[in-house]
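Here is what each chain is made of, one letter per residue.
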Amino acid sequence: MNASARGEIHEGHKAAADELAKVLSRIAHAGGFGIVPTATPFRTDGKDPLAAFGASIEHDLIDVATYDEVLATGRTVPTRFDIATGEFEAHLGADAVQLIESAFLALLAENKSVDQASQQAFSRFFKEGTTEGDKAIAALIV
């Protein structure tokens with residue numbers, strides 16, 4: 001690699017943190033820079049790829065936008081949940097959809113990836129020992 005080394009890693013949230021750190025390290029040692037566009041800065045493996053550089057995603061990112069801000073730009077597509085909200089409301093009711101959406105947003109706020117937040121927002125309805133109301137919602141989801 002030379003001083004003009006540049007790396008761009010799309011879907012960065014899906015790359016293993018250790019491997020991503022190795023690639024970014026090679027680019028940095030060559031005097032270049034790396035760009036990692038990602039839907040969410042938080043990793044599905046729970047690790048921070050910037051730790052190898054004495055930095056952290058939480059404190060050292062150049063810019064972070066909320067989900068609503070990104071969606072408002074019109075340059076991204078809504079999540080599957082957003083696309084299917086009308087259908088979900090027809091089957092589950094507005095209260096259940098609001099419950100799922102608030103769980104999803106709370107999980108995102110806990111630094112979960114979009115994939116993790118989506119899965120966990122729905123999985124609560126299928127857990128053993130869930131409430132009767134959640135069991136009823138699970139039946140409607142299926």
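Residues numbered from 1 in each chain as written. Predicted model: local features only at pLDDT ≥ 70, side-chain atom pairs only at ≥ 80, totals over all residues. Heavy atoms only, no water.

Got a minute to help me understand the overall build of the protein chain in this structure?
Looking only at helices and strands, the protein chain has eight helices and two strands in total. Helices and strands appear in the protein chain in the N-to-C order β-α-β-α-α-α-α-α-α-α. The buried share of the protein chain, reckoned over its 142 residues, is 29%. Restricting the contact set of the protein chain to residue pairs at least 6 apart, pairs at least 24 apart contribute 54%. Carbon together with sulfur atoms contributes 54% to the accessible area of the protein chain, which is approximately 9,300 Å² in total. (Helix = DSSP H or I, 4+ residues; strand = E, 2+ residues; numbered from the N terminus. Buried < 20%, exposed > 50% of the residue type's maximum accessible area, 1.4 Å probe, protein only. Contact = heavy atoms within 4.5 Å. Areas by Shrake-Rupley, 256 points an atom, 1.4 Å probe, with all protein chains shown as cover.)

Just checking my understanding: could you explain the pattern of salt bridges for this structure?
Note that side chains of opposite charge can pair when their charged atoms are close. Considering all chains together, one arrives at three salt bridges under this definition. The closest approach of N and O atoms between Lys47 and Asp18, which form a salt bridge, is 3.3 Å. Residue Lys47 is located in the loop between strand 2 (33-35) and helix 2 (57-60), and its partner Asp18 is located in helix 1 (residues 17-29); the two are separated by 29 residues in the primary sequence. Classification of Lys47 by relative accessible area gives partly exposed; the value is 45%. (Salt bridge = Lys/Arg side-chain N within 4 Å of Asp/Glu carboxyl O.)

What should I look at first to understand the packing of helix 6 (residues 94-109) against helix 7 (residues 114-123) in this one?
It is the contact of helix 6 with helix 7, at a shortest axis distance of 8 Å, that shows an interaxial angle of 140°. Here helix 6 lies oblique to helix 7, going by the angle between them. Our pair here, helix 6 against helix 7, has a crossing hand that is right-handed. Judged by residue contacts, Ile100, Ala103, Phe104, Leu107 and Leu108 of helix 6 engage Val114, Ala117, Ser118, Gln120, Ala121 and Phe122 from helix 7. Classifying every residue of the contact of helix 6 with helix 7 gives nine nonpolar, two polar and no charged. (Axes fitted to C-alpha atoms, helices over the stretch in contact; angles between N-to-C directions. Parallel < 35°, antiparallel > 145°, perpendicular 65-115°, else oblique. Left-handed = near helix turned anticlockwise from the far one by under 90°. Nonpolar A, V, L, I, M, F, W, Y, C, P; charged D, E, K, R; others polar.)

It is not clear to me how the nonpolar core should be interpreted in this structure. Could you clarify?
Taken as a class, soluble globular proteins show a tendency for nonpolar side chains to be buried jointly. Counting residues in hydrophobic clusters, the biggest one holds 16 residues, and the most contacted among them are Phe88, Leu92, Ile100 and Ala121. At the level of secondary structure, the elements contributing two or more residues to this core comprise helix 5 (85-92), helix 6, helix 7 and helix 8 (132-141). Examining the composition of this core, we find that seven residues originate from one element, helix 6, more than from any other. (Core = buried A, V, L, I, M, F, W, Y, C linked by side-chain atoms within 4.5 Å.)

Got a minute to help me understand the side chain of Thr130 in this structure?
As for its position among the elements, Thr130 is in the loop between helix 7 and helix 8. With residues up to four places along the chain from it excluded, the contact list for Thr130 reads Arg124, Phe125 and Lys135.

I would appreciate a short explanation of the packing of helix 5 against helix 6 in the present structure.
Two measures define how a pair of helices packs: the angle their axes make with one another and the distance between the axes. Remark: helix 5 packs on helix 6, axes separated minimally by 7 Å, with the N-to-C direction vectors making an angle of 130°. It follows from the interaxial angle that helix 5 and helix 6 lie oblique. Contact residues: helix 5 offers Thr85, Phe88, Glu89 and Leu92, while helix 6 offers Ala94, Ala96, Val97 and Ile100. When grouped by side-chain class, the residues that make up the contact of helix 5 with helix 6 number six nonpolar, one polar and one charged.

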